[in-house]
Amino acid sequence: MKKFPVITALLSVLIFMLCGCETVPSFSGKSEVSEIMIPLSQPDLEFSIPQSFSETSTENNNKAYIFNNASIIINEDKLNEAVPNLTEYVKYSKELYRSATDKYTQISEEETTVNGLDAVITEFVYEINGESDILSMQCIVGFLYDASENPEKVYIVTCKSDSESYPNYKQGFLNTINSVKLK
């Protein structure tokens, strides 16, 4: 079954509404990779980023942190009737990844607490097939929630790199997720 580039591109955009910045194959007929970024709100949180990462800004995100092919994006979003709690938000986010990628494989998921915040940390691999190549990314996302102080907000820490280099960044990604605190 032949995929239409416009439909594939639109599905790819959906995924990034929850998870900040992602890299997707270009559908211009070339073997390029381009950035698609859809912003969420920048949260007022305290967190630490690995020293090797540098802060940058993009057209759609005030802050992003990058090093080589790895990135860390920290956003906040509002819960609503469709996703009224942390569990539903995580489920919805994973469904967006599944529907917008050609292959999605969950590695792990853990419910925990991070500095007094309820948290779900999920790790997965996803692939997007371009016209002449496959983009394989490994990602760990921390979804954090504080029912008492900010019951309408969920905080999202999205950390990713290509699957080959991901093991080099994983501990720094986990350290960033585990450093998040409300101000």
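Nothing here was measured: the structure is a model prediction, and the numbers come from that model.

> How should the overall build of the protein chain be read in this particular structure?
Helix and strand counts for the protein chain come out as 3 helices and 11 strands. The order of α-helices and β-strands along the protein chain, N terminus first, is α-β-β-β-β-β-β-α-β-β-β-β-α-β. Expressed as a percentage of its 183 residues, the buried residues of the protein chain come to 44%. Residue pairs at least 24 apart in sequence account for 55% of intrachain contacts in the protein chain once pairs closer than 6 positions are excluded. When the accessible surface of the protein chain is summed, it comes to about 9,300 Å², and 49% of that surface belongs to carbon and sulfur atoms.

> Just to check I follow, could you spell out the pattern of salt bridges for this structure?
Oppositely charged side chains can form a pair if their charged atoms are brought close together. Within the structure shown, the criterion is met by 5 salt bridges. Residue Lys 153 pairs with Glu 76 through a salt bridge whose shortest N-O separation is 3.6 Å. Residue Lys 153 is found in strand β10 (residues 153-162), and its partner Glu 76 is found in strand β6 (residues 70-78); the two are separated by 77 residues along the sequence. Between Glu 88 and Lys 91 there is a salt bridge, with its nearest N and O atoms 3.8 Å apart. Note that Glu 88 and Lys 91 are positioned in helix α2 (residues 86-100) at a spacing of 3 residues, about one turn of the helix. Of the residues examined, Glu 88 reaches a relative accessible area of 27% and is grouped as partly exposed. Lys 91 gets classed as partly exposed once you look at its relative accessible area, which sits at 47%.

> Which parts of the structure should I look at to understand the pairing of strand β7 (residues 103-114)?
Every regular strand shows the same layout, with side chains that alternate between the two sheet faces. As defined by bridge partners, β7 adjoins strand β8 (residues 117-129) across 11 bridges and the pair is classed as antiparallel. Across the sheet, residue Val 114 finds its bridge partner in β8, namely Leu 117. Count of turn residues in the β7/β8 antiparallel hairpin: 2 residues, of which Asn 115 carries a positive phi of about 50 degrees.

> In this structure, what is going on with the sheet that holds strand β4 (residues 54-56)? I would like to understand it.
Sheets are built from strands that pair by backbone hydrogen bonding, the pairs being arranged parallel or antiparallel. Reading across from one edge, β4-β5-β6-β10-β9-β8-β7 is the order of the 7 strands in this open sheet, with antiparallel pairing throughout. In this open sheet, the two strands that pair with only one neighbour each are β4 and β7. Neighbouring strand axes in the sheet, compared pairwise and without regard to direction, differ in orientation by 25 degrees on average. As paired strands, β8 and strand β9 (residues 134-145) are joined by 12 bridges and run antiparallel to one another. By the bridge assignment, Ile 128 is partnered in β9 with Leu 135.

> Quick question: what am I supposed to make of the packing of aromatic side chains here?
The relation between two aromatic rings is expressed through the spacing of the ring centres and the mutual angle of the planes. Counting across every chain of the model gives 13 aromatic pairs. Pairing Phe 47 with Tyr 65 gives two aromatic rings, centres 5.9 Å apart and planes at 80 degrees, and the pair type is edge-to-face. Residue Phe 47 is found in the loop between β3 (45-46) and β4, and its partner Tyr 65 is found in strand β5 (residues 64-67); the two are separated by 18 residues along the sequence. With a relative accessible area of 8%, Tyr 65 lands in the buried category.

Rules behind the numbers
- Residues numbered from 1 in each chain as written.
- Predicted model: local features only at pLDDT ≥ 70, side-chain atom pairs only at ≥ 80, totals over all residues.
- Heavy atoms only, no water.
- Helix = DSSP H or I, 4+ residues; strand = E, 2+ residues; numbered from the N terminus.
- Buried < 20%, exposed > 50% of the residue type's maximum accessible area, 1.4 Å probe, protein only.
- Contact = heavy atoms within 4.5 Å.
- Areas by Shrake-Rupley, 256 points an atom, 1.4 Å probe, with all protein chains shown as cover.
- Salt bridge = Lys/Arg side-chain N within 4 Å of Asp/Glu carboxyl O.
- Pairing = 2+ DSSP bridges.
- Axes fitted to C-alpha atoms, helices over the stretch in contact; angles between N-to-C directions.
- Phe/Tyr/Trp six-rings, centres within 6.5 Å; stacked < 30°, edge-to-face > 60°.

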